[in-house]
Amino acid sequence: MTTPQLERITLGGGCFWCTEAVFERIRGVHAVQSGYSNGHLANPNYEQVCSGQTGHVEVIRVDFDPAEVSLRELLEVFFTIHDPTTLNRQGADVGTQYRSGIYWHTEAQRELAAQVIAEANEAHGGRVVTELLPEQNYYPAEAYHQHYYERNPEQGYCAFVVAGKVDKFLSSFKRLVR
């Protein structure tokens with residue numbers, strides 16, 4: 001048995017509990033880690049990021065096998081489960097830490113993501129605000145944020161917000177469900 005050649009992409013689509021819960025259900029995704037990226041403070045904690053003073057965005061790092069799921073498919077899911085037209089906001093979550101972003105690791109990822117953003121922008125009447133930058137200054141979120149929905153499905157935010165995004169993924173992308 002051969003070890004798959006995994007790729008990594010980093011995505012910011014609002015609260016990382018939501019994006020993590022969805023991406024953990026995609027076939028071909030081998031690991032998802034919640035974290036903070038593209039800010040200026042070294043090793044920030046949740047409270048610092050929520051202050052809006054660190055420049056970090058809540059993200060997920062996704063390690064995936066492109067032989068099982070393509071980056072394009074992952075980005076299609078990404079643009080379906082969050083609103084890429086709201087600046088620094090997803091639902092009731094407001095602040096620069098909730099901005100929409102694709103943080104690439106290779107030039108090929110940047111090129112494909114730029115194409116997918118352009119397609120999404122056309123579909124949304126030119127209103128997409130998703131930033132496209134290389135991943136920089138990434139730090140894993142605290143342990144209690146990892147796999148949060150799986151461990152806390154009855155928690156209020158999970159039951160009312162995260163579950164809806166998971167359900168939307170499950171009904172819209174049956175072909176990608178593990």
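Residues numbered from 1 in each chain as written. Predicted model: local features only at pLDDT ≥ 70, side-chain atom pairs only at ≥ 80, totals over all residues. Heavy atoms only, no water.

Explain the side chain of lysine 165 to me, and be specific about the residues and the numbers.
Here lysine 165 lies in helix α6 (residues 156-172). Summary of buried charges: lysine 165 has no salt-bridge partner, and the nearest side chain of opposite charge, aspartate 93, is 7.6 Å away. Here lysine 165 is in contact with Cys18, Val22, Ile81, His82 and Gln90, once residues within four sequence places are set aside. (Helix = DSSP H or I, 4+ residues; strand = E, 2+ residues; numbered from the N terminus. Buried < 20%, exposed > 50% of the residue type's maximum accessible area, 1.4 Å probe, protein only. Lys, Arg positive; Asp, Glu negative; His and termini not counted. Salt bridge = Lys/Arg side-chain N within 4 Å of Asp/Glu carboxyl O. Contact = heavy atoms within 4.5 Å.)

Could you give an account of the sheet that holds strand β1 (residues 7-13), naming the residues involved and the relevant values?
Adjacent strands of a sheet form backbone hydrogen bonds with each other and so pair up, either parallel or antiparallel. On the basis of which strands lie adjacent, the open sheet formed by six strands has the order β7-β6-β1-β3-β2-β8 and mixed pairing. Of all the strands in the sheet, the pair left with one neighbour each is β7 (131-134) and β8 (139-140). Alignment of strand β2 (residues 29-37) against strand β3 (residues 57-64), held across eight bridges, turns out to be antiparallel. By the bridge assignment, glutamine 33 is partnered in β3 with arginine 61. (Pairing = 2+ DSSP bridges.)

Which residues make up the pairing of β1, and what values do they have?
Among the seven residues in β1, five count as buried, and that is most of the element. Alignment of β1 against β3, held across five bridges, turns out to be antiparallel. Paired with isoleucine 9 across the strands is valine 62, a residue of β3. In this structure, β1 lies alongside strand β6 (residues 100-104), joined through four bridges in antiparallel fashion. Its bridge partner being in β6, leucine 11 is matched across the sheet by isoleucine 102.

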